[in-house]
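These are the residues of each chain, in order.
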Amino acid sequence: MGMTMTQKILAKKAGLDSVVAGQLIQAKLDIVMGNDITTAVALKEFQKTGASEVFDKEKVVIVLDHFTPNKDIKAAEQCKSCRTFAYDMGVKNFFDVGKAGIEHALLPEQGIVVPGQAIIGADSHTCTYGALGAFSTGIGSTDMAIGMATGEAWFKVPSAIKFNVIGKKQSHVSGKDVILHIIGMIGVDGALYRSMEFTGEGIAELTMDDRFTIANMAIEAGAKNGIFPVDEACLAYTKAHATKAYEVFEADDDAEYDEEIIIDLSTLEPTISFPHLPDNTRTIGEVGEVIIDQVVIGSCTNGRLDDMKIAADILRGKQVAEKVRTIVIPATQEIYLDCIKLGYVEDFINAGAIFSMPTCGPCLGGHMGILAAGERCVSTTNRNFVGRMGHVESEVYLASPAVAAASAIAGKIADPRNI
Amino acid sequence: MNAKGMVFKYGDNVDTDVIIPARYLNVSSGEELAKYCMIDIDADFVNKAKTGDIIVATKNFGCGSSREHAPLAIKCAGISCVIATTFARIFYRNAINIGLPILECDEAANDIENGDEVSVDFDSGIITNITKDKTYQAQPFPEFMKAIMAAGGLVEQTKERVKG
Ligand code: SF4
């Protein structure tokens, strides 16, 4: 029986000729990653295993991005414990303030992630790297600890849903609208335990940044991973960012899928997730009047250069509404610099937005943009759960950078075509 | 291995942000996290929960973040078992890895009500609703996971391996 792309990678990493859905395997890992919140727990568990060193100094990656620059004393203590651990262990890919950016934008940009790898990260959005044709999934701190000690992890081989992407998207539609549309269609547990495998001629219409955004939110549909084929665009990205060896895997022609869903890009509209679940979606025409207090443009979902460009193009020469605090956060230092060089920073500041250093910050209600009771925020992040960005009575509306920028100007959720 | 206690019942899609909000993630000790367990969905939970009590919920329990702080807070709050229709996969993994017993059983998840007294036999997967005098059959754990749980979690199991 044929294997899906994910199954083929897993079989190879487990040293097996083939695997089937449901099989429990032990697989070798190419990358084990953690952030300041999850590494702080993992390093304690690592010590308990009795291991005295990490399995490979190149393959362990630690990024301090969530509560950094340290937001309070407790966060400072956590970061300090991660820092001490990283230096004691000689971790080569350790990213502290100054080098750090949001992990899921940083790892591909730094060439740490390449096609064909098996990656675990103690952060649920580790599924982002599936955009590069890698098997990549979020795990918890104990798995990270064991991964760092042994270079292996246990997996249950997933079955898959095939998304056949066709058509060409309209100019105001981006990867965010594609994935919000899909989550709205299949639900927050629509792909539970399974892979989301994207194929089809429409993939060529998606930029790498679109694909990162789509793979990033596979977890919001409950998926184990999301994965894209390795095509010309993917190889061009890989060669521009990485020097290490990569491997291209393809699904077998007779691979079995639980179901096949056709996504016609040409039919998609700007899509917004209303509180308090990502699957509570409406297209822009169905939104009605939603007055807002804050806009956040950033995160591992939409803090890349494409996203900054889209927002800058809309905000250039305009003013954000008087009552809307607009916070723009590039995901990495490199994107930050590009925004300076390309003049986007001036566009944002002249429009009345603030432009911050890279951090997760408000995305998880950490710092730099917490909401008060009753406040509403349009955000390009990925979760709108109760209390995600602050008070339990605040509300988060998930949207694309285009919708977020247009909404900042209008003071309410707005269609980018009308700005 | 068995569990017995009073049930706290919740609905679909209980996410990790309501189980333990990010504002408390600047600490990593289980005891400290347990003080805020379930705070954004049930502010009274920590005052009412007793050692041995059981959480029952319906679909997709623990969706969202990979924070192991969520199952850890539940375990350290004294909860002996979580029963749900389905679990989000990272939560499922984390619970197994840290040794928090969890069971998937649609019938039990739908039938059991808040405040019911329930007991669980992990070997057989039989859940007994003492209040309603009913039993439900959950899938028992595969051997692979039983071994992790029996060792006291993945770290304990790996210790043996590291020693070689
Ligand atoms: S930007 Fe948000 S979702 Fe992404 S890693 Fe940071 S906290 Fe998590």
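Residues numbered from 1 in each chain as written. Chains lettered and ligands numbered in written order. Predicted model: local features only at pLDDT ≥ 70, side-chain atom pairs only at ≥ 80, totals over all residues. Heavy atoms only, no water.

**A short note on the overall build of chain B**
For the record, the criterion: Runs of E in the DSSP output that reach at least two residues are strands. Runs of H or I that reach at least four are helices, and both are numbered from the N terminus. For this measure, only C-alpha atoms enter the radius of gyration; the expected value for a globule follows 2.2 Å times N^0.38, where N is the number of residues. A 1.4 Å probe rolled over the protein chains alone gives each residue an accessible area, and that area as a share of the maximum for its type sets the label: buried under 20%, exposed over 50%, partly exposed in between. Contacts are residue-level and defined by heavy atoms, with any inter-residue pair within 4.5 Å sufficient. Accessibility throughout is a Shrake-Rupley quantity obtained with a 1.4 Å probe, and a residue counts as covered only by protein chains that appear here. Charged residues are defined here as Lys and Arg on the positive side and Asp and Glu on the negative side; His and the ends of the chain fall outside this count. The location of each charge is read from NZ of Lys, CZ of Arg, CG of Asp or CD of Glu.
Broken down by element type, chain B carries 8 helices and 7 strands. The globule rule puts the C-alpha radius of gyration for 164 residues at 15 Å, and the 15 Å found for chain B is close to it. Here the C-alpha coordinates of chain B stretch approximately 50 × 35 × 25 Å along the principal axes. The proportion of buried residues among the 164 residues of chain B is 60%. Long-range pairs, those at least 24 residues apart, make up 64% of the contacts in chain B between residues at least 6 apart in sequence. If you sum the accessible surface of chain B, you get close to 6,100 Å²; carbon and sulfur atoms cover 49% of it. For chain B, the distance from the average site of its 17 positive side-chain charges to the average site of its 23 negative ones is 5 Å.

**Details of the sheet that holds strand β11 (residues 259–264) of chain A**
Residues and elements named next belong to chain A. This is how the line gets drawn: When DSSP finds two or more bridges between two strands, those strands count as paired. For helices, the fitted axis covers only the stretch in contact; all axes are lines through C-alpha atoms, and the angles between them, taken along N-to-C directions, range from 0 to 180 degrees.
Here we have 4 strands laid out as an open sheet, ordered β10-β9-β8-β11, and parallel in their pairing. Across the chains shown, the open sheet's two edge strands, defined by having one partner strand only, are β10 (225–227) and β11. Neighbouring strand axes in the sheet, compared pairwise and without regard to direction, differ in orientation by 20 degrees on average. For strand β8 (residues 160–166) and β11, the ladder comprises 6 bridges, and the chain directions are parallel. Residue pairing in the sheet places N164 in a bridge with I262 of β11. The strands touched by helix α6 (residues 175–186) are β8, β9 (195–199) and β11; relative to β11, the strand with the most contacts, the crossing angle is about 135 degrees.

**Topic: helix α4 (residues 69–76) of chain B**
Residues and elements named next belong to chain B. Of all 8 residues that make up α4, 6 are buried, and the element is covered over most of its length. Burial in α4 covers these residues: H69, A70, P71, L72, A73 and I74. G78 occupies a position one or two residues after α4 and carries a positive phi of about 95 degrees.

**Concerning the packing of helix α2 (residues 36–49) of chain A against helix α8 (residues 154–163) of chain B**
To keep things clear, this is the line we draw: Roughly parallel refers to an angle under 35 degrees, roughly antiparallel to one over 145, roughly perpendicular to one between 65 and 115, and oblique to any angle outside these ranges.
The contact between α2 of chain A and α8 of chain B brings their axes to 8 Å, and the two run at 45 degrees. One way to sum up the angle between α2 of chain A and α8 of chain B is to call them oblique. Across the interface between the two elements, E45, K48 and T49 of chain A of α2 of chain A pack against V155, T158, K159 and V162 of chain B of α8 of chain B.

**Some points on the interface of chain A and chain B**
Note the cut-off: Here the quantity called buried area is the accessible surface, traced with a 1.4 Å probe, that two parts lose on coming together, added over both. Each reported salt bridge corresponds to a side-chain nitrogen of Lys or Arg within 4 Å of a carboxyl oxygen of Asp or Glu. Residues adjacent in sequence count toward polar contacts only when both atoms are side-chain atoms; beyond that, a polar contact is any pair of N or O atoms within 3.5 Å, and within protein one must be able to donate a hydrogen and the other to accept it.
Across the boundary between the two partners, chain A contributes 50 residues, which contact 42 residues of chain B. Roughly 3,900 Å² is buried in total at the junction of chain A and chain B, and carbon and sulfur atoms are behind 58% of that figure. Summed over the shared surface of chain A and chain B, the result is 3 salt bridges. Residue D17 of chain B pairs with R388 of chain A through a salt bridge whose shortest N-O separation is 2.9 Å. For the pair chain A and chain B, the number of links is 20 residue pairs in polar contact (both at pLDDT 80 or more).

**Side note on the domain arrangement of chain A**
All names here are of chain A. Counted only if it meets this: Just so you know, the domain bounds were taken from an automatic or database domain assignment.
On domain assignment, one finds that chain A holds domain 1 (5–263) and domain 2 (271–418). Distance from the C-alpha centre of domain 1 to the C-alpha centre of domain 2: 24 Å. Contacts between the two partners involve 39 residues from domain 1 and, on the opposite side, 39 residues from domain 2. Together domain 1 and domain 2 conceal approximately 3,000 Å² of surface at their shared face, both sides included; 58% is due to carbon and sulfur atoms. Taken together, the links from domain 1 to domain 2 amount to 24 residue pairs in polar contact (both at pLDDT 80 or more). Of all elements in the fold, only α4 (103–109), α6 and α7 (208–216) reach the threshold of two or more residues within the side of domain 1 that touches domain 2. Ranked by the residues each element gives to the side of domain 1 that touches domain 2, the list is headed by α6, at 6 residues.

**Things to note about the packing of aromatic side chains**
To describe a pair of aromatic rings, one takes the distance between the centres and the angle between the planes. For clarity, the cut-off: Here is the rule: rings of Phe, Tyr and Trp (six-membered ring for Trp) pair when centre to centre is within 6.5 Å. Planes less than 30 degrees apart are stacked, more than 60 are edge-to-face, and the remainder are tilted. Two limits define a charge over a ring: the Lys NZ or Arg CZ must be within 6 Å of the ring centre, and within 35 degrees of the ring normal.
For the structure shown, the criterion picks out 17 aromatic pairs over all chains. Ring geometry for F87 of chain B against F91 of chain B: centres 6.0 Å apart, planes inclined by 5 degrees, an arrangement best described as stacked. No difference in accessibility class separates F87 of chain B from F91 of chain B, as the two residues are buried. Each member of the aromatic cluster is reached from another via a ring pair, and the members are Y193 of chain A together with F61, F87, F91 and Y92 of chain B. The ring centre of F95 of chain A lies 5.8 Å from the NZ or CZ of K99 of chain A, which sits over that ring.

**A short note on the nonpolar core**
All names here are of chain A. Keep this limit in mind: In plain words, nonpolar cores are sets of buried Ala, Val, Leu, Ile, Met, Phe, Trp, Tyr and Cys residues tied together by side-chain atoms within 4.5 Å.
If you look at the biggest cluster of nonpolar residues, it comprises 102 residues, and the most contacted ones within it are L107 and M196. Each of domain 1 (5–263) and domain 2 (271–418) gives at least three residues to this core. Ignoring any residue separated from it by four or fewer positions in sequence, one finds L107 in contact with I31, M33, V61, V63, I112, V113 and Y129.

**Let's talk about the site of the ligand**
Residue and element names in this part refer to chain A. Condition: We call a residue near a given molecule or strand whenever any one of its heavy atoms falls within 4 Å of it. In the scheme used here, Gly and all other residues not listed as nonpolar or charged are polar, with Ala, Val, Leu, Ile, Met, Phe, Trp, Tyr, Cys and Pro taken as nonpolar and Asp, Glu, Lys and Arg as charged.
Around the ligand there are 13 residues in total, and H125, C300, C360, C363 and N382 lie nearest to it. When residues of the shell around the ligand are traced back to their parent elements, those giving at least two are α4 and α9 (299–302). Among the residues forming the shell around the ligand, the class breakdown is 5 nonpolar, 5 polar and 3 charged. A domain split of the shell around the ligand shows at least three residues from each of domain 1 (5–263) and domain 2 (271–418).

**Let's talk about unusual backbone geometry**
Residue and element names in this part refer to chain A. Omega for the bond connecting T68 with P69 falls within 30 degrees of zero, at -15 degrees, which places this linkage in the cis form. Its place among the elements puts P69 in the loop between β3 (60–63) and α3 (73–89). Of the consecutive residues P275 and H276, the connecting peptide bond is found in the cis state with omega at -5 degrees. Despite not being glycine, M368 has its phi angle at roughly 65 degrees, a positive value. Summarising the element assignment, M368 is placed in the loop between β16 (354–355) and β17 (376–379).

**Looking at the pattern of salt bridges**
Where side chains of opposite charge bring their charged atoms close, a pairing between them can arise. Considering all chains together, one arrives at 34 salt bridges over all chains under this definition. We note a salt bridge from R383 of chain A to E220 of chain A, for which the minimum N-O separation is 2.6 Å. With R383 of chain A in the loop between β17 and β18 (395–398) and E220 of chain A in the loop between α7 and β10, this residue pair connects regions lying 163 residues apart in the sequence. E220 of chain A shares its class with R383 of chain A; the two are buried. The shortest N-O distance in the salt bridge between D40 of chain B and R23 of chain B comes to 2.8 Å. Taken as a pair, D40 of chain B in the loop between α2 (30–34) and α3 (45–48) and R23 of chain B in the loop between α1 (16–19) and α2 lie far apart in primary sequence, 17 residues in all. On the accessibility criterion, D40 of chain B (12% relative accessible area) is buried.

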